[in-house]
Amino acid sequence: MRRADLADADCGIAQALGVLGDWWTFLIVRDVAGGTTRFDALQRELGVSRRALTERLAALVEHGVLRREAYSHHPPRYDYLLTPKGEGLLPVLVALQDWGSRHVMGDGALTATARADSAEARRVRQLVDRWLPAVTLPRHDGGDEPPAVPGRWTVLYLFPGAFAPGDQGLPPGWGDIPGAVGCTLEARTYADRHELIRTAGAEVRGVSTQRPDQLRAFAEYARLPYPLLSDQDGRLAAGLLLPTFRAGGVDRFKRLTLLVDPDAVVRAVQFPVTDPAGSVAEMVELVRQSCGRPATR
């Protein structure tokens, strides 16, 4: 099939490829989702020629995937931002990231964790000194908020899925997936250490790709004193290229914790997390050292 034929195909995949074109286009959307929104910065990150980048940006704007927003009028300069249509591509990026990590760079095994020397672990360590994407996420108790509390240090722990007994139930085969079990223990351990972490100078937020109603049921069951946030649309996952796996028909975070400073910059990471309760104790110490306030056990 020729490229020109794609727009007339009765297949959503073919029509999507007619818009997205080539692999550079996916990488542009990836970087824009991560906060690289200006031409020179995109060219520097991607290493693509100015002509090729100009053509692809123009095509994405024409198709309504990106929109331009002026930040300088003399000379004219623009930020390239995702439209709602473009944000609809984020789950596709998350799925591609998972497929590449599992089947191209990995051995194809389904796991909710990773080896410490894996490509995923190296990528997560590179998050240190990066800003979080400018997104807001739904809270389990209503409303939206950014993943890091403005003006405060934030312990942001990402977990595969936590479920209230008798509610939606665990996904099939959950207990057989390495690293999937332990979310309730992790959440409750953070609840037990919540006041200690706040006294040390930080807030706690938990993030999952579950729906807000699922998170609400679990938060009420576990009596959590801090909010849980839903990244069900993949905005945070795609923006930071966070490690995920797929179970029960849903892309889910591998267990990972970020320590974020008051300016929303990542200052420390924990990954892989193989001991959910032990990782909380380590994070308390990281908070104490980073915030510069004494914390007693």
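Residues numbered from 1 in each chain as written. Predicted model: local features only at pLDDT ≥ 70, side-chain atom pairs only at ≥ 80, totals over all residues. Heavy atoms only, no water.

1. Examining the sheet that holds strand S6 (residues 202–208)
Item 1. Judged by pairing direction, the sheet is mixed, and its five strands sit side by side in the order S7-S6-S5-S10-S11 without closing on themselves. Edge strands, defined here as strands with exactly one partner in the open sheet, are strand S7 (228–230) and strand S11 (266–270). Taking the axes of each pair of neighbouring strands and ignoring which way they run, one obtains an average angle of 25° across the sheet.
Item 2. With five bridges connecting them, strand S5 (residues 153–158) and strand S10 (residues 256–260) associate as antiparallel partners. Bridge assignment links threonine 154 to a residue of S10, and that residue is valine 260.
Item 3. Docked against the sheet, helix H12 (residues 276–291) engages S5, S6, S10 and S11, running at close to 10° with respect to S10. (Pairing = 2+ DSSP bridges. Helix = DSSP H or I, 4+ residues; strand = E, 2+ residues; numbered from the N terminus. Axes fitted to C-alpha atoms, helices over the stretch in contact; angles between N-to-C directions. Contact = heavy atoms within 4.5 Å.)

2. A word on the packing of aromatic side chains
Item 1. Tallying each qualifying case throughout the model produces seven aromatic pairs.
Item 2. Residues phenylalanine 163 and tryptophan 174 carry aromatic rings whose centres are separated by 5.9 Å and whose planes lie at 85° to one another, so their mutual orientation is edge-to-face. Of this pair, phenylalanine 163 sits in the loop between S5 and helix H8 (183–192) while tryptophan 174 sits in the loop between S5 and H8, placing them eleven residues apart in sequence. Like phenylalanine 163, the residue tryptophan 174 is buried in the burial classification.
Item 3. When the centroid spacing of 6.3 Å and the interplanar angle of 50° are considered together, the rings of phenylalanine 218 and tyrosine 221 count as tilted. Of this pair, phenylalanine 218 and tyrosine 221 are both found in helix H10 (residues 212–222), three residues apart, which corresponds to roughly one turn of the helix.
Item 4. The buried category is assigned to phenylalanine 218, whose relative accessible area is 0%.
Item 5. Pairwise contacts between aromatic rings join Tyr157, Phe159, Tyr190 and Tyr226 into one cluster.
Item 6. Its end group placed over the ring of tyrosine 71, arginine 38 keeps NZ or CZ at 3.5 Å from the ring centre.
Item 7. Across the ring face of tyrosine 78, the terminal group of arginine 68 is positioned such that the distance to the ring centre comes to 3.9 Å. (Phe/Tyr/Trp six-rings, centres within 6.5 Å; stacked < 30°, edge-to-face > 60°. Buried < 20%, exposed > 50% of the residue type's maximum accessible area, 1.4 Å probe, protein only. Lys NZ or Arg CZ within 6 Å of the ring centre and 35° of its normal.)

Function cannot be read off these values alone, since they describe shape.
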